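Structural overview for review
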Amino acid sequence: MLDKDIKKKAINPKDKSNAQNIPLDKIFKALTFTASLGVILLLGFIIFKLFMESALSVEKFGFKFITSMEWDPVKGEFGAGAYIFGTIVSSLIAILIATPVSVGIALYLTEIAPPWLSTPVGFLVELLAAIPSVIYGLWGIFVFVPFIRQYIQKPIGDLFGWIPLFSGPPLGIGMLSAGLILAIMIIPIITAISRDIISSVPTLQREGAMALGATRWEVIKYAILPFAKSGILGGIILGMGRALGETMAVTMVIGNRPEIKASLFAPAHSMAAVIANEFTEATDDIYLSALIEVGLLLFLVTFIMNGLARFFIWSVARGPKGGIRQ
Amino acid sequence: MFKRAGVIALVLILALSLVVVGCGKKEDVKKEETKQEVKEPAKDLTINGAGATFPYPLYSKMFSAYNKLNPEIKVNYQSIGSGGGVKQMMEGTVSFGASDAFLSEEEMGKIKNGVIHVPMTIGAVAVVYNLEGIASGVKLTQETLTDIYLGTIKKWNDPKIAADNSDIKLPNVDITPVFRSDGSGTTSIFTDYLSKVSSEWKEKVGAGKSVKFPAGIGGKGNEGVAGQVKQLPGSIGYVELAYATTNNLSYAKLRNKDGNFTAPSLEAASAAAAGAIADMPKDTRVSIVEPGGKDAYGIVGFSWILLNEKYEDQVMKEELLKLTKWMYRDGQQFSKALHYAPIPEEIAKLNDNNLAVIK
């Protein structure tokens, strides 16, 4: 039936009335609409369910749930402050480290490296994204954490231990390691997107800058980065989304201790990690409800962080595309 | 760029699914073969159960062995955690549950058809540590172990620890306690032990599958704790005995109720269960930590199979009873190879009596 219609169209391409009768367009429209609507409904349903299930905890602890650091399943006292802190700080560390590295890799692959090198290197970087996070976590415990403790935390602690940021015993495990593991995990995402964006900068733009006598660095600075900045920022947002929700790798190296400490070396905890850790064995109602409220808050934090990032992009990208702001 | 990764992923998935399909076929063939050997099977029956992860390797071995003996009986056990198993019992979606902790009165009240606890295996929790150049055998007392986890003993060469270890030169190294961050029967047994031997712990922290540990860092799962202890000098942790032995971790000797220092072992765990029988209530809902007996080891606990008191389906009931009885007698032969302590005969007898009331 459909084939026939298509054939008809092929025979009589100018026959407009026939074209309008073809249901294919309508079907396609309906299908895509259903797909989009389905995702939105699903999202709505998830949020609704989280609201319903967390009602008990919201009622009991109220706003204090967000600020309280007390998480004691035995006494039935729950507060998610330390988890929220851990999630946000570890993701920020990851973004701060991953962004320059990723943009650097992307620039090198597109602008500097010869094709015989850039293809395999690019492929390998993307391969990092395919490693399951539990593997990152186990590698983190056995290889990465001892390395961090011995060669980063010990020397830094000896020299700058008096600064609260680097105080405390070098455990290896802790906020810093979690941030670094997350950085490694989001580098492939930000790199892949940045590379695609940078290679889509029109060649004319590059050639124009070169014709004016720009060095390679100046081409990158004045012709490429301004053109690609909003795309790159989009990549960073995607990376941040992954970092906020990452569970397995984080819980393996963060130390799982719900405390807020100034030191990067101190153990911490994260929202996704506490849910994954405690959900299976949480039997009483208030405990379960508190864990679900943590899930709801994770949703909110992700929304807010995304919103802030988008606002940031909007304010950066307001200038003319490819323009230079002095 | 993503396209290429997509193609590779697709190829991988295809390859993987081929492998899976291949395996599936092989299994089918095997099953058919075994079926042919046994004369005419009765009506096939699938028994559904869910619960604890700790005894899962043992149970899965038992169920597959039982299936070979009785090809018409298939057991579908999902190791979703004790909490999940109890919840499924409350909702009546499974024929049996499994839990590393016995149910409270309140929880029992929520199970419509009643519940019978059947101790099926015994778990021992080893206290493991990482001290360079010092093998297994550092002696810890109830007090020193509690103080380490309370965070009041901070160094390995603390005089309190040294007092029991005159033969070992303990280093001046910070102690980092490592605890299980995920809710687990192992933590439940461990904190139950600490609560029993220390009133300070009981008051400040308490016992449970997840507690608020006053000091240290958390590792997810036995593998997480074992991993952190392995790589962090000066750390101390607690894991299931099987993890300590298979990972070659050094473990401590603990002072038991009779004053002897015992290392964790399957024999010591069975001895502990036997030692606890004297004070055991009939329904076996009891924690057996810190039992009497000169060879007993302190940090041990039962893992239970949970049955209903009443089954609508009599065929199911009969088969389930047969299966359960087989598990705590013949099935125990698989325990040692998988590092579980077998149930002593006295407890098997107790189980016989308890199962008799099931309708």
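Remember, it's a predicted structure, so these values are computed and weren't measured experimentally.

All names here are of chain A. Where helix H3 (residues 24-61) contacts helix H13 (residues 285-316), the axes come no closer than 7 Å and their chain directions differ by 125°. As far as their axial angle goes, H13 and H3 are oblique. In terms of crossing hand, the pair formed by H3 and H13 is left-handed. Residues Ile47, Leu50, Phe51, Glu53, Ser54, Leu56, Ser57, Val58 and Lys60 of H3 pack against Asp285, Ile286, Ser289, Ala290, Ile292, Glu293, Gly295, Leu296 and Phe299 of H13. Residue classes in the contact of H3 with H13 are distributed as 10 nonpolar, four polar and four charged.

So, on to the interface of chain B and chain A. A common way to state how big an interface is: give the accessible area lost once the parts meet. The interface is formed by 32 residues belonging to chain B together with 30 residues belonging to chain A. Mapped by element, the contributors of at least two residues to the side of chain B that touches chain A are helix H1 (2-37), helix H3 (82-91), strand E7 (217-219) and helix H9 (221-231) of chain B. With five residues, H3 of chain B is the single largest residue contributor to the side of chain B that touches chain A. Grouping the constituent residues of the side of chain B that touches chain A by class yields 10 nonpolar, 16 polar and six charged.

All right, on to the environment of aspartate 352 of chain B then. Residues and elements named next belong to chain B. On the secondary structure map, aspartate 352 appears in helix H13 (residues 345-355). Residue aspartate 352 is classed as exposed on the basis of its C-beta count, with 12 C-beta atoms lying within 10 Å. In the structure, aspartate 352 is positioned 15 residues away from alanine 337 in sequence and 25 Å away in space, judged by C-alpha atoms.

This next bit is on H13 of chain B. Residues and elements named next belong to chain B. Of all the residues in H13, the buried ones are Ile347, Leu350 and Asn351. When H13 is viewed along its axis, its buried side chains cluster within an angular range of 105° and face the same direction. H13 presents Glu345, Lys349, Asp352 and Asn353 as exposed residues on the side facing more than 90 degrees away from its buried surface. The inward-facing, buried residues of H13 contact strand E4 (116-129), helix H11 (266-276) and helix H12 (314-328).

Before going further, it helps to spend a moment on the confidence of the model for chain B. The predicted model of chain B averages 85 in pLDDT, with 88% of residues at 70 or higher. Within the model, the stretch residues 18-41 of chain B combines pLDDT values under 50 with seven contacts to residues more than four positions away or in other chains.

So, on to the domain arrangement of chain B. All names here are of chain B. Domains assigned within chain B are domain 1 (45-123 + 301-355) and domain 2 (124-279). Using only C-alpha atoms to locate each centre, domain 1 and domain 2 end up separated by 29 Å. Residue-level contacts link 17 residues of domain 1 with 18 residues of domain 2. Within the residue set of the side of domain 1 that touches domain 2, elements represented by two or more residues are H3, E4, strand E12 (300-307) and H13. Here the side of domain 1 that touches domain 2 is composed, by residue class, of eight nonpolar, six polar and three charged.

What follows deals with the sheet that holds strand E5 (residues 139-140) of chain B. With mixed pairing, three strands are arranged side by side in an open sheet as E5-E10-E11 (chain B). The two strands at the open ends of the sheet, each matched to only one other strand, are E5 and strand E11 (261-262) of chain B.

For the rest of this paragraph, the subject is helix H7 (residues 133-160) of chain A. With 28 residues, H7 of chain A extends just 32 Å between its outermost C-alpha atoms, more than 12% less than the 40 Å of an ideal straight helix rising 1.5 Å per residue. For H7 of chain A, every residue scored as buried is listed here: Tyr136, Gly137, Gly140, Ile141, Phe144, Val145, Ile148, Arg149 and Gln153 of chain A. Along its buried surface, H7 of chain A packs onto helix H8 (175-199) and helix H11 (248-253) of chain A together with H9 of chain B.

Residue and element names in this part refer to chain B. Positive phi outside glycine occurs at asparagine 248, with the angle close to 55°. Tracing the backbone shows asparagine 248 in the loop between helix H10 (241-246) and strand E9 (250-251). Of note in this structure, threonine 284 is not a glycine but carries a positive phi near 60°. As for its position among the elements, threonine 284 is in the loop between H11 and E12.

Looking now at the pairing of E12 of chain B. Walk down a regular strand and you will see the side chains alternate between the two sheet faces. All names here are of chain B. By the criterion of burial, E12 is predominantly enclosed, with eight of the eight residues buried. On E12, burial covers both faces: Val300, Phe302, Trp304 and Leu306 on one face and Gly301, Ser303, Ile305 and Leu307 on the other are all buried. Alignment of E4 against E12, held across eight bridges, turns out to be antiparallel. Paired with alanine 124 across the bridge in E12 is valine 300.

What counts, and at which threshold
Sequence order as written defines the numbering, with residues in each chain counted from 1. Going through the entries in the order they are written, you letter the chains from A and number the ligands from 1. Under the rules for a predicted model, residues below a pLDDT of 70 receive no local features and side-chain atom pairs below 80 are neither given nor counted, while totals for whole chains, interfaces and linings still include all residues. Note on definitions: angles span 0 to 180 degrees between N-to-C directions of axes, and those axes are lines fitted to C-alpha atoms, for helices only across the stretch in contact. Counting from the N terminus, the helices are DSSP H or I runs at least four residues long and the strands are E runs at least two residues long. If an angle is under 35 degrees, it is roughly parallel; if it is over 145, roughly antiparallel; if it lies from 65 to 115, roughly perpendicular; otherwise it is oblique. Whether a crossing is left-handed or right-handed is set by the direction in which the near helix is turned from the far one by less than a right angle, anticlockwise for left-handed and clockwise for right-handed. By definition, residues are in contact whenever their C-beta atoms, placed on the basis of the backbone, come within 7 Å of each other. Side-chain classes are defined by residue name, with Ala, Val, Leu, Ile, Met, Phe, Trp, Tyr, Cys and Pro counting as nonpolar, Asp, Glu, Lys and Arg as charged, and the others, Gly among them, as polar. Counting other C-beta atoms within 10 Å of a residue's C-beta gives its exposure: the residue is buried at 20 or more, exposed at 12 or fewer, and partly exposed in between, where C-beta atoms are placed from the backbone. Here, the arc refers to the directions that run from the helix axis to the C-beta atoms. The pLDDT score gives, residue by residue, the confidence of the prediction method on a 0 to 100 scale. Domain start and stop positions are those given by an automatic or database domain assignment. Two strands make a pair as long as DSSP finds a minimum of two bridges between them. Multiplying 1.5 Å by the helix residue count minus one yields the expected span of that helix.

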